[in-house]
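A look at the structure
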Amino acid sequence: MNPIDVALAARAFAARRGVPSATVRHRRLSAKPLAVVAWQLGGEPFSVAALGWGDRASQLQTAVPGEPRNRTLLFAALLPFAHWFNARFDAPALDRETITRGEHRFTIARTAPQVIVPNRATVELLGRLGRRLAYLPTDGPNAADPALVRLGRHLRFLWDHASFPGQQLLVALTDLMNAHWMTPQSGSERQSLPALEAFIDPPPGLDGFEAAERAELCPIGPAPDGDDDDRLIPLVERFNAARGRSTDPAVVGPLRAPIEEHYRPLLSRSWGLLWRCRDRELLRPEAPSVGRR
């Protein structure tokens, strides 16, 4: 840690809340990003147990497969997301312009899509899901819908670029906020969006330490805490017992309701925090260098 960071951390410790470490924002934030929140089963890192998405805070769409370890149920739940995501992620490619540099002509997109997620763990989950979907067969007995394969390739593309310094296609809110705020928290606490946000902007009556301690007990995914998994396991067991081997939407749809009810507040909590943090960071003026990236 450099001396300036040490001084800022000491100031945050004394103030008992986060202090700004930058006067300008070092990422471009799209006016209409594609936002994604996700939850997984504790031991299933390559599938999603619940997914939320949308392009504005007031419009959260969700999908819950019920049994994410079942390929048919998982893919059926992901298909609405795939159609929504693909259409919006591909749209900028249709808005292109040709520029000339000396003797060379280039055709480039005027705009680029941007995906925002709560934390680095969600980036990794989407990368793993993309790897699973991107190479599925689209014909034969185990054929998958081509929209899922295209979704997988988009997610892999985003994951591949997520490690590039300054990239603005896939923005994890924890990374964005850590670039702009200093707190005396540990590295793991600074990757917990609830704990980081609570220290930066503690509620009335609490200081940053107290607020972060409470907030860290309410994770926002993708990995669940033990209590959430304990509540979920009997719901999944009853769902599987009731459906037998059926994956018919008419059969599993009504049976999935208790699991959807379990995930509804978890998705809403993640969704609300994601947009609250993003909207505050949007108020910070953009750095002059951002436009060149």
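For the structure itself, consult the block above.
From a predicted model like this one, the values you see are computed outputs, not experimental measurements. (Residues numbered from 1 in each chain as written. Predicted model: local features only at pLDDT ≥ 70, side-chain atom pairs only at ≥ 80, totals over all residues. Heavy atoms only, no water.)

1. Comments concerning the sheet that holds strand β2 (residues 34-39)
Within a beta sheet, neighbouring strands are joined by backbone hydrogen bonds and run either parallel or antiparallel to one another. Spatial strand order, β4-β3-β2-β7-β8: 5 strands in an open sheet with mixed pairing. Each having just a single partner strand, β4 (61-63) and β8 (170-172) make up the two edges of the open sheet. Neighbour-to-neighbour, the strand axes of the sheet open up by a mean angle of 20 degrees, direction not taken into account. Inspection of the sheet shows strand β7 (residues 115-117) paired to β8 by 3 bridges, in the parallel sense. Residue pairing for β8: I116 is matched across the bridge by V171. Against the sheet, helix α2 (residues 71-90) engages β2, β3 (50-54), β4 and β7, with an angle of about 30 degrees to β3. Strands β2, β3, β4 and β7 of the sheet are contacted by helix α10 (residues 257-282), whose axis makes an angle of about 140 degrees with β2. (Pairing = 2+ DSSP bridges. Helix = DSSP H or I, 4+ residues; strand = E, 2+ residues; numbered from the N terminus. Axes fitted to C-alpha atoms, helices over the stretch in contact; angles between N-to-C directions. Contact = heavy atoms within 4.5 Å.)

2. Describing empty space enclosed by the protein
For the structure on display, the rule yields 1 cavity of 30 Å³ or more. Size it by volume and the largest cavity reaches roughly 30 Å³. Counting residues per element, the ones that place at least two in the lining of the largest cavity are α3 (120-134) and α4 (146-161). (1 Å grid on protein atoms, 1.4 Å probe; cavity = no way out; pocket = protein on both sides within 12 Å on 5 of 7 lines; lining within 4 Å. Points joined across faces, edges and corners; volume = space filled by probe spheres on them.)

3. With respect to unusual backbone geometry
Here the residue pair G221 and P222 is connected by a cis peptide bond, since its omega of 5 degrees sits within 30 degrees of zero. Despite not being glycine, R16 has its phi angle at roughly 60 degrees, a positive value. Within the secondary structure, R16 sits in the loop between α1 (3-15) and β1 (19-20).

All quantities given are derived from atomic positions and should not be read as evidence of function.
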